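Structural overview
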Amino acid sequence: MTEKKKATGKSKRSKKAAAGGNGPRLLIVESPAKARTLTRYLDDSYVVKASVGHIRDLPKRDLGVDIENGFAPHYVTIRGKGKVVKELKQAANNADIVLLGTDPDREGEAIAYHVAEQLGYRSKDGRRFKRVLFEEITPEGVAQGLESPGEIDFRKVDAQQARRILDRLVGYKASPFLWKPIRPGLSAGRVQTVALRLIWEREEAIRGFEPREYWTVEVLLEKDGQRFTAKLHHLDGAKPDLPNEAAALAVLDAVKDVPFEVSKVRRKERRKNPAPPFTTSWLQQEAAKRLRFSAKRTMRLAQQLYEGVDVGGEAIGLITYMRTDSTRVAASAAKSARDYIEQLFGSGYLPKAPRLYTGKRQKGAQEAHEAIRPTSVRRTPESLKGDLDAAQLKLYSLIWQRFVASQMSPAVYDTTTVDFDLTGADGRKYQFRVNGSVLKFDGFTRLYKGVYEKEEGRHLDDLEGLPGLEAGETVAVVELNKSQHFTEPPPRFSEASLVKELEKLGIGRPSTYAQILSTLVERTYVELDNRRFTTTPLGETVVQVLIRVFPDTFDVDFTSNLEANLDRIEEGELEWHQVLEQFYARFSKRLEEGEARRDEIIKQIVQAEGEVCDLCGAPMVVKWNRYGRFLGCSNYPECKNTKPIDRLPEVDLENEQCPQCGGNLLVKSGRFGPFVACSNYPDCRFTRAVDGKHSEAAADVKCPECGSPMAVKTGRYGEFLACTAYPKCKHTQAISLGMKCPTCGEGDVVKRRTRRGRVFYGCTRYPDCDWSSWDTPVSFDCPACGSQVALQKTSKRKGDYLRCAACGHESVPEGAAGTSSS
């Protein structure tokens, strides 16, 4: 029996009964890829069409909400979707039943309703519209969804509509407060602004942080040839506080002649359980940390895996629905995983009972969904290597391993804690402690070592085993060490840690995180520096204006409570009009207060202190355009005077002449930073960079097209080499970092930028050679393979280290860590 027959034959009677006739059945989904997959599963009695996302929305140029009439929305057909709606209507006219198979979440429910409404759902013929849910796009999953068609869930539709109206009210009403003090076209988002506020407040905490010096004391001990380190754990029964070197030296002096006698040994068996299968936010966090995928890329790939991928000539959905807050696992899926584990590893790797993860319910969890899991554990990542691209395979492997490991036995460790209670020469009580751990049974770690549970601190896997020690025995001291440290500011948010923080605070929902983060970057409110978010000057001004005008609208607790109310609408506990009325009563009051205080806010936040307009004498304010900051007159548009802010005044370079015409050279400021140009411009167009570090090197570089000297110039993506014969010759090339490509050995390593300005490094032979790296390359002779290029890396466990770009060998650079000893 083919897969197509399996998907249709099992539920033929129930489907005909639902149809009420023998005519064709129209199945509407939102994605063309999903439609293609379903077409392969279903027989000729089904016609599958795609709406290609939403077909109706609020108008772009109007508020589209009748506030005085119960917040009634005015939906219009999205521009460009007229042809799609026409095709759907034609197909619906020829069908006995219309099945709405959009995604099983709020957005999918809203799409289903708007499609049905356009096709006659409100007419007397509305009974032929049925809602079907596909938790997985497999023959079995499709058959199961078609067996029990239901009705549109209007509670989900209302929750989605309330969210859409809230977002429109905030964006439409709050954004104009940014236009006059900053620049027209800026936008405020109900949830995105709160996320921006979290990033900005973290940045402020870092700026205001004052590091505090502290010292630690360790002792290197040895028994039977095995060395181990014990740390000062308690001083006079309390945590030690050693603020300076003198305090650390006092400890060393007090214990240097005291024998280290074991006072207590505690041995325990500890079990480490596997993490549950992925929810949406957990998947985004793990993919960011392990695969360096952005949340947006993770969700795009997960959508592809859910909707169907060509595997051996058959389109098949490889994972269950990827937008879920639930960790629940179907009993059949758990049994399938247990059978596979027993076959592969043996019964010793199975817990006594399957783990269904139904006991713990997260806030706002959609328990109708399962966790994200593979649709079949028999489709191993190895078996799909020829069917998935590299990124799809990485993400699928992560999902597959996490799910299978979740049904395996816990890892078992033998842990040992040894205390040395000493009385120092100064009469004070010192306790040194060392912890050791030995893996007794690998359990789920044989398949998957997750890093989701803890991002910081030492783990059981990090601890080394200790020699056999018993209370009362004395251990030989090798050396006493003291180390200087400084407290560190809170780290900037990465995508993973920001998603985790948003989920913890209840801001937004996991299905919206990818859009929130990408919007902040696209609007240049934040930048990604070394995979960490930093606010731009524009973003800082935007968030300060908005929280000054709307202190509670963009408050973390208020936004979290509003998200909870949207969940309550979906659960039928609240009516959507009620939620909107309560919100707008507060919001409209803030709008009125903001209008009255607009000039005061502008003065406090964007007015340039001590700067007045040369033309009319009014105060100057900081404004932005697409090239950055500048000073503009506060009397705009009556006075349109502007001044540069981040530009250098033109400076004549003494004793330097233009190499082309002999004219004077001036330091000027352009939109991409300072540069040196000829004073005879535009007759002479010679330019070069202000920083001469690349200019000397460029003097030896000749244009490969015309033979003229090359000069360093600066563009929107950084410095580059350009021919000095411009505009007759327009040849440009990247500046080599003086290293050969570690992959091909022929091209040079150069610094590049993405369209969004993120720095990366690549080979000049691209696309013939596709080597690239986000990490900074440095010259380093690899002792393992002889490659001369290494990548600068850092981690909490290893600190700063180098990884060979060719073979992956890791080395610690000299001076990366230091410990003073006595």
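Residues numbered from 1 in each chain as written. Predicted model: local features only at pLDDT ≥ 70, side-chain atom pairs only at ≥ 80, totals over all residues. Heavy atoms only, no water.

1. Brief notes about the sheet that holds strand E31 (residues 736–740)
Taken in spatial order, the four strands of this open sheet run E31-E32-E33-E34, and their pairing is antiparallel. One side of each edge strand has no neighbouring strand; the edge strands of this open sheet are E31 and strand E34 (772–773). Of the pairings in the sheet, the one linking strand E32 (residues 748–753) to strand E33 (residues 759–763) comprises five bridges and is antiparallel in character. When the sheet's bridge partners are listed, Arg752 is paired in E33 with Phe760. (Pairing = 2+ DSSP bridges. Helix = DSSP H or I, 4+ residues; strand = E, 2+ residues; numbered from the N terminus.)

2. Comments concerning helix H18 (residues 556–570)
The terminal C-alpha atoms of H18 lie 22 Å apart, and with 15 residues this matches the ideal 21 Å at 1.5 Å per residue to within 8%. Where the residues of H18 are buried, they touch helix H5 (106–118), helix H7 (154–174), helix H9 (192–207), helix H15 (495–505) and helix H19 (576–596). One side-chain oxygen at the N-terminal end of H18 lies 3.1 Å from the backbone nitrogen of Asp557; it belongs to Asp555. A positive backbone phi angle near 85° is found at Gly572, which sits one or two residues after H18. (Expected span 1.5 Å × (residues − 1). Contact = heavy atoms within 4.5 Å. Polar contact = N/O pair within 3.5 Å; in protein donor to acceptor, adjacent residues only side chain to side chain.)

3. Details of the confidence of the model for the chain
Of the residues in the chain, 87% reach a pLDDT of 70 or more, and the chain-wide mean stands at 84. Note on residues 360–367: pLDDT is under 50 here. Beyond four places in sequence and across chains, it has 19 contacts. (pLDDT = per-residue confidence, 0-100.)

4. Points about the side chain of Lys223
Looking at the secondary structure, you find Lys223 in strand E9 (residues 213–223). Within the structure, Lys223 has its side chain in polar contact with the backbone oxygen of Gly468 (distance 2.3 Å). What Lys223 contacts, discounting residues up to four positions off in sequence, is Phe228, Pro467, Gly468, Leu469, Glu473 and Val475.

5. Quick notes on the sheet that holds strand E7 (residues 97–100)
Strands belonging to one sheet form pairs held by backbone hydrogen bonds; the direction of such a pair is parallel or antiparallel. Strand order across the open sheet formed by four strands is E2-E1-E7-E8, with parallel pairing between neighbours. The strands lining the two open edges of the sheet, one partner per strand, are strand E2 (46–50) and strand E8 (129–131). Taking each pair of neighbouring strands and ignoring which way they run, the sheet shows an average axis angle of 25°. Inspection of the sheet shows strand E1 (residues 25–29) paired to E2 by five bridges, in the parallel sense. The partner of Arg25 across the bridge, within E2, is Tyr46. (Axes fitted to C-alpha atoms, helices over the stretch in contact; angles between N-to-C directions.)

6. Examining the pattern of salt bridges
Enumeration over the complete set of coordinates arrives at 44 salt bridges. A salt bridge links Arg290 to Glu286, with the nearest nitrogen and oxygen atoms 3.5 Å apart. With Arg290 and Glu286 both in helix H11 (residues 280–291) and four residues apart, this pair spans about one turn of that helix. Here Lys793 makes a salt bridge to Asp775, at a shortest N to O gap of 2.9 Å. Separated by 18 residues along the polypeptide, Lys793 in strand E36 (residues 789–795) and Asp775 in the loop between E34 and strand E35 (777–779) bring together distant segments of the chain. Asp775 gets classed as buried once you look at its relative accessible area, which sits at 11%. Here the salt bridges share partners, and the residues they tie into one network are Glu30, Lys34, Asp103 and Arg323. (Salt bridge = Lys/Arg side-chain N within 4 Å of Asp/Glu carboxyl O. Buried < 20%, exposed > 50% of the residue type's maximum accessible area, 1.4 Å probe, protein only.)

7. Structural notes on the pairing of strand E15 (residues 411–423)
A large share of E15 lies buried, amounting to ten of its 13 residues. Of the pairings in the sheet, the one linking strand E12 (residues 264–272) to E15 comprises nine bridges and is antiparallel in character. Bridge pairing in E15 places Val265 opposite Val418. Sheet topology note: the E15/strand E16 (residues 429–441) ladder contains twelve bridges and is antiparallel. Across the sheet, Asp421 pairs through a bridge with Gln431, a residue of E16. Hairpin connection, E15 to E16: the antiparallel pair is bridged by five residues, and Gly427 has positive phi, about 85°.

8. Brief notes about the nonpolar core
Burial of nonpolar side chains together is a common tendency in soluble globular proteins. Core analysis: the biggest nonpolar cluster contains 138 residues, and Phe134, Leu318, Ile319, Leu395, Val542, Phe550 and Phe554 have the highest contact counts within it. When residues no more than four places from it in sequence are discounted, the contact partners of Leu395 are Leu283, Ala287, Leu291, Phe293, Thr298, Leu301, Ala302 and Leu305. (Core = buried A, V, L, I, M, F, W, Y, C linked by side-chain atoms within 4.5 Å.)

9. Looking at the packing of helix H12 (residues 295–307) against helix H14 (residues 390–406)
For the pair H12 and H14, interaxial distance at closest approach is 10 Å and the crossing angle is 85°. Comparing the axis directions of H12 and H14 gives the class roughly perpendicular. Of the residues in H14, those touching H12 at Arg297, Thr298, Leu301, Ala302, Gln304 and Leu305 are Ala391, Gln392, Leu395 and Tyr396. For the contact of H12 with H14, the class distribution of residues is six nonpolar, three polar and one charged. (Parallel < 35°, antiparallel > 145°, perpendicular 65-115°, else oblique. Nonpolar A, V, L, I, M, F, W, Y, C, P; charged D, E, K, R; others polar.)

10. Some details on the environment of Leu574
On the secondary structure map, Leu574 appears in the loop between H18 and H19. Take Leu574: its relative accessible area is 17%, and that puts it in the buried class. Sequence separation of Leu574 and Ala159 is 415 residues, and the distance between their C-alpha atoms is 9.6 Å. Excluding residues that lie within four positions of it along the chain, Leu574 makes contacts with Asn565, Arg568, Ile569 and Val579.

11. Structural notes on the side chain of Ser406
Relative to the assigned elements, Ser406 resides in helix H14. Judged by relative accessible area, Ser406 falls into the buried class, the value being 0%. Ser406 has contacts with Pro274, Ala275, Pro276, Pro277, Arg355 and Tyr357, leaving out every residue within four places of it along the chain.

12. Observations concerning the packing of aromatic side chains
Aromatic ring pairs are defined here through the distance separating the ring centres and the angle between the ring planes. The final tally for this structure, using the stated rule, is 18 aromatic pairs. When the ring of Tyr121 is compared with that of Phe129, the centres are 5.8 Å apart and the planes differ by 80°; the resulting orientation is edge-to-face. Of the two residues, Tyr121 and Phe129, neither departs from the other in class, the shared state being buried. On the numbers, 5.7 Å between centres and 85° between planes, the contact of Tyr340 with Trp400 is edge-to-face. Taken as a pair, Tyr340 in helix H13 (residues 331–345) and Trp400 in helix H14 lie far apart in primary sequence, 60 residues in all. Trp400 shares its class with Tyr340; the two are buried. Here Arg25 stacks its cationic end above the ring of Tyr46, 5.4 Å away from the centre of that ring. Above the ring of Phe493, the side-chain terminus of Arg202 is found at 4.1 Å from the ring centroid. (Phe/Tyr/Trp six-rings, centres within 6.5 Å; stacked < 30°, edge-to-face > 60°. Lys NZ or Arg CZ within 6 Å of the ring centre and 35° of its normal.)

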